Amino acid sequence: MAVGKSITRTEGRDKVTGKAKYIDDYTCPDMWYGKTLRSEIAHGRIISINFSDSFDWSQVVVVDYKDIPVKNLVALIFDDQPLLAESVVKHVGEPIILIAAPSKELAERAIKNIEITYEAFPAALSIEESLSVKAKIFGDDNIFKHYTITRGSVADAFQSAEIVVEGSYFVGHQEQLYIETNGVIATTKKDGSIIIQGSMQCPYYIHRAIKEIFGLSDEQVVVIQTVTGGGFGGKEDFPSVVAGHAALLSRKCGHPVKIVYERGEDFAASTKRHPALIKHRTGLTRDGQLLATEVDITFDGGAYCTLSPVVLSRGVIHAIGPYKCPNVKINGSVVATNTPPNGAFRGFGVPQACFAGEMHMEKIAKTLGISSVELRRKNMLREGDITSTGQKLLYSVGTQEVLDTVIERSDYLSRVEEYKNPSDNKCRGIGLSFFYHGGGFTGSGEEKIKGKAAVELDTHGQVKILTASTEIGQGTKTIFRQIVAEELGISLDSVIFGDTDTSKVPDSGPTVASRTCMVVGKVIQMAAANLKNEIKKLVAQKVNCDISQVEIANGQISCPDVEKLSFTQTAIECVKEHGEIKTMAQYSSPPGIKWDEINYTGDAYPVFSYGADVVEVEVDMDTYEVKITKVITASDIGKAINPAMAEGQIEGGMVQALGYGLCEEVVWRDGKILNNRFTNYIIPTALDIPEMETILVEKPYPYGPYGAKGLGELPMDGGAPALVAAIANATGAFITEIPATPERILAALEAK
Amino acid sequence: MSVQLNINNKDYVVEVAPMKRLLDVLREDIGLTGTKEGCGEGECGACSVFIDGSVVNSCLVPVCQTNGSKITTVEGLSNNELSKLQQAFIDCNAAQCGICIPGMLIAAQALLDLNPNPSRGEIREAIAGNLCRCTGYMKIVDAIEIAATANKG
Ligand code: FES
Ligand code: FES
């Protein structure tokens, strides 16, 4: 059995010996280096660009928007983002001029010898300023996208509610902060074709972006992923920009061009998690039954649309959490501001929604004077229940299991009472959160993408996996091998992972949305099943039996009246006779899935994963510093293909979530980030995080590979509200805006 | 200037600008790219190496200060066989994206050299200067603990 085992990482050896090659580890003799000159202002017109006479410009190559052959565009959802600014800039850090030079130092010097003057326009730097149209950034109203979800009649239900609770919550930006910054090498061939190598999540996104910029065909663009040092969504769409820039430079200077961002530049220029203002109004019976929920969500999209509509859509769908409520109205908008575009970050709209939703549950429990556990149990979704979009949950609903597990393991019910009465100036507290996360793309997204993957039997009798799903640390290369080995009944050693190269692998869709294992893993499993069938067919022909009599298990092939054959040997012979055997599969939705894109009703996701977190803290009542002392999580992920790796995902995601709640804050002045460095944007270290208890719950999803469903994003969702609830339990300070800095704790205490 | 270095038990003489960062000399002039850059300002530990037995962030060290020094990078932690520490990192699935791991291994090796039997708290302290965004540190701490146990056995 390969599935369900904690086998070690496919590329583990390379990663502990320093052999793994990340993009900055590559070089070639005639390679040049690219640098980017960016806007210094948040909104305005470029008046002049002055190239200093004291610099010898013949040594370098300069690129501006006029060098773009076909479309000055970062192709994504709306065609609003230029690859290089033309006359107007809409955010600090917007790229304007590119330089390539034979050395980094020379490229940097060239940049310093360019001076841009601007005419500044008024800038809208916050959600409020955007909505009041302080500056026109997108259309007439600055709204990129709006969604509404309606179920039942909230107006009537509020009439009959015994209690109405309102709350307003705010979350700011969060930076993905992968430790490897963005980087690519672009090479232009004599025939005009372009090769991009680099750090990325989604090779086919870059493939499309480059085709549009240069007007090239599918075959003329090749995108190859190098070992990627973390992404977390930050390398979903943004690498298209870096790749487009490097390709422009390479085309003009005739050399391969490497662009690797320095930390400060990466932080200042790349996408972040959307800030959000979320308001809840909830009507209940006196004993805590949800009757009506109204939620208003506004996301700050930044200056260009990027993926904002999709992020918003997920936020809206997850707005009321894993609870049933017969009457729902959710309004969501994403608005434009003169700040760098926000984009994908693990959780993708849900961490924002979850923070607001779960803090609001705490507020309701307090208002009603009941336990928040009781409130959650009373309203939680169970099998057969219906979500806010009208989706009936037919299977794989681990809500009760995850909640009960963390409550029990943490002794939550007695601790929460005990901590209410602090004994000294170190107050302890315990907090809970309960959440869900839809796996795969929203609505009909997976149907539109129809992700493909293949497996191929090669001349060594090995099975090679061909997919565009990338390994970015989460374990793709390992779990896909496990799935294929399991399906074929062969050893893991017989399964290898092919290069992530668009000229060799089919488009499996992007590596996002917790879809790699659940969706593409299933496609891989189907491709392997097809291969198994092909091999059986050939063997049946050979030994002259019926295909149903051929079995493959434990690396051996058995059929009646013949001695067992080795899989590898037989495979080698088959390939010798028939050539390489490749089988492909393509995603199709589980039966019965229906989604209405216009009314936003129906099956928003094929299935949800469920989680519950308990966090304990100690708050120093002199300094209001918070120490996290205990973390327990339970996650229903259907099936852990590789339990150790699943735990690793949960632990890592949880720490990002705790950072979001506790200390990660982007500081702005006039649209400029003031803390774009590790020294002043603080992420948790090993000392800030206690030992964690990670519990896996497996309620199999019948249409996932071996029952698996989404995992990657779930652990990002609930950490912040559990932490902030623990602070409330410890101190009585009810914080509605994260991170929970000492200043915010003090302010909340004073507001009491 | 000309700088003499002993890197992973091999002698090198390199002609470089004196203020060039040791990190860049290792990566560009020597071709040892295992040592990584995460921040370039001494905050993340991805560039950790041993200089004469102590752990240093190589992004902060001008190469001229290391003339005649003995340097160990991640490539020097093993010959053909992996060290116990490296093996434990593999066994525990301690690496995810892997970019922080070379620095982590150096920091962990330094700890085990000084304290062959560290507590989990001591391990956390020893790697507190090494940022990892992927793992949540649990499996890294596990691996170092197991390597320590293996050392004893
Ligand atoms: S690169 Fe040297 S400490 Fe970050
Ligand atoms: S494994 Fe990715 S940063 Fe540590």
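These numbers come from a predicted model, not from an experiment. (Residues numbered from 1 in each chain as written. Chains lettered and ligands numbered in written order. Predicted model: local features only at pLDDT ≥ 70, side-chain atom pairs only at ≥ 80, totals over all residues. Heavy atoms only, no water.)

**Student:** How would you summarise the overall build of chain A if you had to cite specific residues and measurements?
**Tutor:** The helix and strand tally for chain A stands at 20 helices and 31 strands. Here the C-alpha radius of gyration of chain A, 27 Å, is about what a compact globule of 752 residues would show, namely 27 Å. Taken along the three principal axes of its C-alpha coordinates, chain A extends 80 × 80 × 50 Å. Here chain A holds 752 residues, and 64% of them are scored as buried. Considering only contacts in chain A between residues 6 or more positions apart, those separated by 24 or more positions represent 80%. Entry remark: accessible area of chain A is about 26,200 Å², with carbon and sulfur atoms responsible for 49%. If you average the places of the 76 positive and of the 95 negative side-chain charges in chain A, the two averages end up 2 Å apart. (Helix = DSSP H or I, 4+ residues; strand = E, 2+ residues; numbered from the N terminus. Rg over C-alpha atoms; globule rule 2.2 N^0.38 Å. Buried < 20%, exposed > 50% of the residue type's maximum accessible area, 1.4 Å probe, protein only. Contact = heavy atoms within 4.5 Å. Areas by Shrake-Rupley, 256 points an atom, 1.4 Å probe, with all protein chains shown as cover. Lys, Arg positive; Asp, Glu negative; His and termini not counted. Charge placed at Lys NZ, Arg CZ, Asp CG, Glu CD.)

**Student:** Break down the sheet that holds strand E5 (residues 69-72) of chain B for me, with residues and values.
**Tutor:** Residue and element names in this part refer to chain B. Judged by pairing direction, the sheet is mixed, and its five strands sit side by side in the order E2-E1-E5-E3-E4 without closing on themselves. Only two strands of the sheet have a single partner each, and these edge strands are strand E2 (10-15) and strand E4 (54-57). Taking the axes of each pair of neighbouring strands and ignoring which way they run, one obtains an average angle of 40 degrees across the sheet. The pairing of strand E3 (residues 48-51) with E4 spans four bridges and is antiparallel. (Pairing = 2+ DSSP bridges. Axes fitted to C-alpha atoms, helices over the stretch in contact; angles between N-to-C directions.)

**Student:** Describe in detail the packing of aromatic side chains, supporting the description with residues and values.
**Tutor:** Residues and elements named next belong to chain A. Summed over the entire model, instances satisfying the criterion amount to 16 aromatic pairs over all chains. Ring geometry for tyrosine 436 and tyrosine 610: centres 6.3 Å apart, planes at 35 degrees, overall tilted. Here tyrosine 610 lies in strand E26 (residues 608-620) and tyrosine 436 lies in strand E16 (residues 426-438), a separation of 174 residues in the sequence. Comparing tyrosine 436 with tyrosine 610 shows no difference in burial state: the two are buried. Ring pairs connect the aromatic residues Tyr436, Tyr605, Phe608 and Tyr610, which therefore count as one cluster. In this structure, lysine 21 packs its charged tip against the face of tyrosine 26, placed 4.6 Å from the ring centre. (Phe/Tyr/Trp six-rings, centres within 6.5 Å; stacked < 30°, edge-to-face > 60°. Lys NZ or Arg CZ within 6 Å of the ring centre and 35° of its normal.)

**Student:** Lay out the interface of chain B and chain A in plain terms, naming residues and giving numbers.
**Tutor:** In this assembly, 41 residues from chain B lie in contact with 55 residues from chain A. On the chain B side of the contact with chain A, Asn93, Gln96 and Arg133 of chain B bury the most area, a combined 21% of that side's loss. Seen at the junction of chain B and chain A, the total is ten salt bridges. The interface formed by chain B and chain A holds 29 residue pairs in polar contact (both at pLDDT 80 or more) in total. Looking at which element gives the most residues to the side of chain B that touches chain A, the answer is helix H2 (residues 84-91) of chain B, with four residues. Its residues assigned to classes, the side of chain B that touches chain A shows 17 nonpolar, eleven polar and 13 charged. (Buried area = accessible area lost by both parts, 1.4 Å probe. Salt bridge = Lys/Arg side-chain N within 4 Å of Asp/Glu carboxyl O. Polar contact = N/O pair within 3.5 Å; in protein donor to acceptor, adjacent residues only side chain to side chain. Nonpolar A, V, L, I, M, F, W, Y, C, P; charged D, E, K, R; others polar.)

**Student:** Before we move on, can you summarise the sheet that holds strand E21 (residues 556-558) of chain A with the specific residues and values?
**Tutor:** Residue and element names in this part refer to chain A. One open sheet holds the three strands; their spatial order is E20-E21-E22, and the pairing between them is antiparallel. Among the strands making up the open sheet, the edge pair consists of strand E20 (551-553) and strand E22 (565-566). With two bridges connecting them, E21 and E22 associate as antiparallel partners. The residue bridging glutamine 556 from the neighbouring strand is serine 566, located in E22.

**Student:** Summarise the domain arrangement of chain A; cite the residues concerned and give the values.
**Tutor:** All names here are of chain A. Looking at chain A, the domain boundaries give domain 1 (22-121 + 186-256), domain 2 (276-443 + 596-751) and domain 3 (451-586). If you average the C-alpha positions of domain 2 and of domain 3, the two centres end up 39 Å apart. Interface area for domain 2 against domain 3, summed over the two sides, is near 1,500 Å², with a carbon-plus-sulfur share of 66%. Three residues, Ile641, Pro705 and Tyr706, lead the burial of domain 2 against domain 3; their summed loss comes to 36% of the area buried on that side. Counting the contacts that link domain 2 with domain 3 gives zero salt bridges. Across the contact surface, domain 2 and domain 3 share five residue pairs in polar contact (both at pLDDT 80 or more). Class assignment for the residues of the side of domain 2 that touches domain 3 results in eleven nonpolar, eight polar and three charged. (Domains from an automatic or database assignment.)

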